Amino acid sequence: MELRGGRTARLALGLALLCSALEAAPAGPQPRSAVGQFWHVSDLHLDPTYHITPDRTKVCSSSKGANASNPGPFGDFLCDSPYQLILSAFAFMKDSKEQVSFMIWTGDSPPHVPVKELSTKLVISIIGNMSSTIRNFFPDLQVFPALGNHDYWPQDQLPVTTSEVYNAVADFWKPWLTDEAINTFRKGGFYTQLFESSDSSHPLRIISLNTNLYYSPNSITVNVTDPANQFAWLEGILETSLQKKEKVYIIGHVPVGYLPYARNTTAVRECYNERLVKIFRRYSSVIAGQFFGHTHRDSIMVLLDEEEKPVNSLFVAPAVTPVKNVWQMESNNPGVRLYQYDLLDYSLLDLWQFYLDLRDANKKNESNWKLEYILTKAYGIEDLKPESLYEMAKQLSVPHSTLFEQYYSNFIVSYDKTIVCEEGCKTCQICAIQYLDYSSYTDCINREAMGR
């Protein structure tokens, strides 16, 4: 009797504890750990000449004389961003009330126009305009910027020593950067800075690279082994971070690796790409994420070590500008994104991609920025760590993968659901995601070609 009574009492106690636990449990998804957030914007490409006029060839300089396709208040797919589009992006981010620790901004403020239509003075003025626009919307937010290949005149020709542009931009970015970061930036357009957070016990180190020094069209750096000594500087910073057990986010404009839309083509010169891959492999335990822009498209890469083990997660954010060339079949809708990270070790947990349906916005004369996808939900993965991205890459590689169709739709930011990417197109994408160095990428391309 007593035994049964004891069992009954224990059962009652167990039920009471379960009920109180259920009552205490908050509704909705449980955060896996303390979560921080940050914004990423890229490739604003303001076109100050954009205006609606009956002559479609005169809507914007960035269409280079071609007829704008369907211009409206928020832009056109043959034009760079009107100011109204850029304002709508920042207004959306501000009004979302998302709690963010900082923002990364990976470059390219001036428009795609012929060289003679810009000047050093104009380029400086546009970067200043964009910097103050961001500061007006987010006066108290820490911003970590990087220079793009268009943030110079003539475009792409960023120098290896101090210049008028580096000095002027350093002055614009003083409110965000330390004196030490500013001094480094004046010399070569790159810097590093610690991000101290009250939520985290460890600081995060941001390394903002000037990858434009490695960009193929930059004639100033041809045959230069270490432009502006950035490689030596980068290795020194990463070595110190390793000793101090810091975590690092790498940000830059032109990405490392192979372009997902052009076979056998790296975004930076091949020799520089090999060197960057080597450095990133060596310090992969320190680097918690890498973030780029430049391609105007939405893509991921996972860096594998020599044993093909995933060691680093890399992200290329789509552009705010919707511009494309006349001969291009596809463009992108404007996009901005929000990352979620673990406050303890800065590992990446998720990303929320937002976009503006440009055709719809122009038709309705209002900008309705929407969530396009949440990466972990879209691809059924746990987080954004290298192992998870590698699993995702393998899923995308499967023949006739519907997940790959989704990935390609996201790649062009829901520009046109009818555009498909098959055979050679898919091979380029799949190989670029997983293989960042010459030998493994070439093997992948050859393997895929033989498999077809």
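Keep in mind that what you see is a predicted model, and the values were worked out from it rather than measured.

*Asks:* I would appreciate a short explanation of the side chain of Asn-149 in the present structure.
*Replies:* For Asn-149, the location among the structural elements is in the loop between strand S3 (142–145) and helix H4 (164–172). Asn-149 gets classed as buried once you look at its relative accessible area, which sits at 2%. Leaving out residues up to four positions away in the same chain, Asn-149 has contacts with Asp-108, Gln-155, Asp-156, Leu-158, Asn-212, Tyr-215, His-253 and His-294.

*Asks:* Just to check I follow, could you spell out the state of the cysteines for this structure?
*Replies:* Covalently bonding the sulfur atom of one cysteine to the sulfur atom of another cysteine gives a disulfide. Throughout the structure, instances matching the rule amount to 3 disulfides. In this model, Cys-60 is linked to Cys-79 through a disulfide, with the two sulfur atoms separated by 2.0 Å. Classification of the bridge connecting Cys-60 and Cys-79 rests on its S-S torsion, roughly -80°, and on that basis the disulfide is left-handed. With Cys-60 in the loop between strand S1 (35–41) and helix H2 (83–95) and Cys-79 in the loop between S1 and H2, this residue pair connects regions lying 19 residues apart in the sequence. Its relative accessible area of 3% is what places Cys-60 among the buried residues.

*Asks:* What's the story with the sheet that holds S1 in this structure? I'm lost.
*Replies:* One key point about sheets: their strands pair by backbone hydrogen bonds, in either a parallel or an antiparallel sense. Strand order in the open sheet made by the 6 strands is S3-S2-S1-S10-S11-S12, with mixed pairing throughout. In the strand order of this sheet, the two ends are held by S3 and strand S12 (370–374), each with one partner. Sheet twist, expressed as the average angle between the axes of neighbouring strands with direction ignored, equals 25°. The pairing of strand S10 (residues 335–342) with strand S11 (residues 348–355) spans 7 bridges and is antiparallel. When the sheet's bridge partners are listed, Val-336 is paired in S11 with Phe-354. Packing against the sheet, H2 makes contact with S1, strand S2 (102–105), S10 and S11, and its axis sits at approximately 170° to S1. Those strands touched by helix H3 (residues 120–137) are S2 and S3, and its axis lies near 160° from that of S2.

*Asks:* Could you clarify how one ought to interpret the environment of Phe-404 in this entry?
*Replies:* Looking at the secondary structure, you find Phe-404 in helix H11 (residues 402–411). A C-alpha to C-alpha distance of 28 Å links Phe-404 and Arg-269, two positions 135 residues apart in sequence. Contact partners of Phe-404, with chain neighbours within four places excluded, come to Leu-396, Cys-421, Lys-426, Gln-429 and Ile-430.

Cut-offs used in this document
Residues numbered from 1 in each chain as written. Predicted model: local features only at pLDDT ≥ 70, side-chain atom pairs only at ≥ 80, totals over all residues. Heavy atoms only, no water. Helix = DSSP H or I, 4+ residues; strand = E, 2+ residues; numbered from the N terminus. Buried < 20%, exposed > 50% of the residue type's maximum accessible area, 1.4 Å probe, protein only. Contact = heavy atoms within 4.5 Å. Disulfide = S-S within 2.5 Å. Pairing = 2+ DSSP bridges. Axes fitted to C-alpha atoms, helices over the stretch in contact; angles between N-to-C directions.

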